[in-house]
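Inside the fold
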Amino acid sequence: MMKSIRQTKFWTRTALVGAVAATALFFVPPSEDARAQLQPSHDTYDQLKLFADVFERVRSEYVEEVTDQELMEAAINGMLTSLDPHSSFLNSKSFRDMRVQTKGEFGGLGIEVSMENGLVKVVSPIDDTPAAKAGLEPGDLITHLNGEQVMGLTLGQAVEKMRGPVDSDLTISIRRGSEEPFDVTLTRAVIKIRSVRSRVIDNVGYIRITTFNEQTTTGLEAAIEKIKAEKGDQLTGYVIDLRNNPGGLLDEAISVSDAFLEQGEIVSTRGRDPENASRVHAKPGDLTDGKPLVVLINGGSASASEIVAGALQDHRRAILLGTQSFGKGSVQTIIPLSGQVAMRLTTARYYTPSGRSIQQTGIAPDIDVPLARIEKLGNGRGRREADLRGALNNPAGNGDDTTPVTNPESSDDTAETKPEQEDYQLARAIDLLRGIDLYQQRIVN
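Small disclaimer: the values here were computed from a predicted structure and weren't measured.

Further remarks concern the overall build of the chain. A tally of helices and strands in the chain yields twelve helices and 19 strands. In the chain, which comprises 445 residues, the share counted as buried stands at 39%. A sequence separation of at least 24 residues applies to 70% of the contacts in the chain between residues at least 6 apart. Element-wise, carbon and sulfur atoms account for 50% of the exposed surface of the chain, whose accessible area totals about 25300 Å².

See below:
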């Protein structure tokens, strides 16, 4: 019996942070045979008695007082984490944070921040958010939150205080350069986590996907439309950057893969019960109109990002460039429990369209390009024919003008370095797409 896996949640090795939203779950009721196997045996009761003895001894004799809740949560978490690195217990706060991360939105101010000298530094305000409308600028330092000093708080604690119910107010104290410190009162609004960023590099569309949450597919569609509108027929292809993407929702990995595929299997999962195996296939429609794709991966590409990379590689829809991916080939299901807590449990392994499991092995790129630094060594000119005494002139002209032709952009040491010039892997991906485009033009001509 084949079952849909559209509701299965897919996680990675990294901790999840965030705050509020409902989560869809994948649950298959156990069969009668399975129920019979789950009936506690006499040995099970003996083990439970042993647990009760240890629990009571720790509770009464440990050097410091520990609450029953702390002991039970630690015991449950120990049970789950002993199974594999990805199963775990989520207390009420962790569960709440996880739901915010998956939904991709929360009540907040709309600023990307970092910590500098004990103060919160504004990296960038997000467009159309309370922070942007209030005129916050990159480099602003936040010194107080509702009159409470930020100094002494961790970045996570400060972010937690800045988030809160939508329409609630927060007064922040700002220090900006040499100006006098000033206060700004902001009203929290719904902030959507931006998981997709894009730009055009020459005639190449660059799309960076940082995580897979409920906003990812929508962000991808908007990015592709924006790039198409900007370059039109001049567009040579797309670079999809999945480097250091830890994963996220399986639903979103499937829909992102589907955006580039016309047909064929995207992913399959196989759990403990063979009858619960499932497959998902692509629907007709390629948002990029068949343009060449290069997908960037590295050792930080895990979980859902490996599903996308594996599907596009197996269908030969994209060329994978970079280094070996992380190798997480298992599926986790979030199971809510009583008391606003939940458990994350590994319930299946996933397989790429060709039927391969990438658990522990990861996905090997088609072109192995390690991370490197681009460095210019001299002008690369050296001694040439034109420098030789008595050299024949070019019949097309130029006389005996031996002055070398230079590129003003490359010779200007003060010129601003473009991001793709510092990113060796991205530079190689762009070169590859240019080569494909040049080859196709020659074939047509």
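Quick look at helix α9 (residues 304-314) now. Of all eleven residues in α9, ten are buried, a share of seventy percent or more. Listed in full, the buried residues belonging to α9 are A304, S305, E306, I307, V308, A309, G310, A311, L312 and Q313. Check the buried side of α9 and you find it contacts α8 (250-258), β13 (265-271), β15 (293-297), β16 (319-322) and β18 (341-351). Directly beyond the C-terminal end of α9, a positive phi value near 55° is found at R316.

Turning our eyes to something else, we now look at the pattern of salt bridges. For the coordinates displayed, the defined rule picks out 20 salt bridges. For E56, the salt bridge identified is with R59, shortest N-O distance 3.5 Å. Here the residue E56 and the residue R59 both occupy positions in helix α2 (residues 42-61), the gap between them amounting to three residues, near one helical turn. By relative accessible area, R59 is classed as partly exposed at 40%. For D314, the salt bridge is made with R356, and the minimal N-O distance between the two is 2.8 Å. Of the two residues, D314 sits in helix α9 while R356 sits in the loop between β18 and β19 (367-368), which places them 42 residues apart along the sequence. Judged by relative accessible area, which is 25%, D314 ranks as partly exposed. By relative accessible area, R356 is classed as partly exposed at 26%.

Here the focus is the environment of F182. Within the fold, F182 resides in strand β8 (residues 182-187). Overall, the relative accessible area of 26% leaves F182 in the partly exposed class. Along the chain, F182 and I172 lie ten residues apart, while their C-alpha atoms are 8.5 Å from each other. When sequence neighbours within four positions are dropped, the list of residues in contact with F182 reads I172, S173, I174 and R176.

A word on the packing of α2 against helix α3 (residues 68-81). Close contact between α2 and α3 brings their axes to 11 Å; oriented N to C, the two are set at 135°. As far as their axial angle goes, α3 and α2 are oblique. Considering the relative orientation of α2 and α3, their crossing is right-handed. Contact residues: α2 offers F51, F55, V58 and R59, while α3 offers D68, L71, M72 and A75. Its residues assigned to classes, the contact of α2 with α3 shows six nonpolar, no polar and two charged.

Here we take up the environment of D431. Among the secondary structure elements, D431 is positioned in helix α12 (residues 424-444). Sequence separation of D431 and V204 is 227 residues, and the distance between their C-alpha atoms is 9.8 Å. For D431, the side chain forms a polar contact with the side chain of R428, separated by 2.3 Å.

Let us now look at the packing of helix α7 (residues 216-231) against α8. The geometry of α7 relative to α8 is characterised by a closest axis approach of 9 Å and an angle of 25° between their N-to-C directions. Here α7 lies roughly parallel to α8, going by the angle between them. The handedness of the crossing between α7 and α8 comes out as right-handed. Residue-level contacts link T216, T217 and L220 of α7 to E252, S255 and V256 of α8. In terms of residue class, the contact of α7 with α8 is built from two nonpolar, three polar and one charged.

Positive phi values are uncommon outside glycine, yet D289 reaches one of about 60°. Secondary-structure assignment places D289 in the loop between β14 (278-281) and β15. With a phi angle near 60°, S303 is a residue other than glycine that sits in the positive phi range. Looking at where S303 falls in the secondary structure, it is placed in the loop between β15 and α9.

Definitions and cut-offs
Residues numbered from 1 in each chain as written. Predicted model: local features only at pLDDT ≥ 70, side-chain atom pairs only at ≥ 80, totals over all residues. Heavy atoms only, no water. Helix = DSSP H or I, 4+ residues; strand = E, 2+ residues; numbered from the N terminus. Buried < 20%, exposed > 50% of the residue type's maximum accessible area, 1.4 Å probe, protein only. Contact = heavy atoms within 4.5 Å. Areas by Shrake-Rupley, 256 points an atom, 1.4 Å probe, with all protein chains shown as cover. Salt bridge = Lys/Arg side-chain N within 4 Å of Asp/Glu carboxyl O. Axes fitted to C-alpha atoms, helices over the stretch in contact; angles between N-to-C directions. Parallel < 35°, antiparallel > 145°, perpendicular 65-115°, else oblique. Left-handed = near helix turned anticlockwise from the far one by under 90°. Nonpolar A, V, L, I, M, F, W, Y, C, P; charged D, E, K, R; others polar. Polar contact = N/O pair within 3.5 Å; in protein donor to acceptor, adjacent residues only side chain to side chain.

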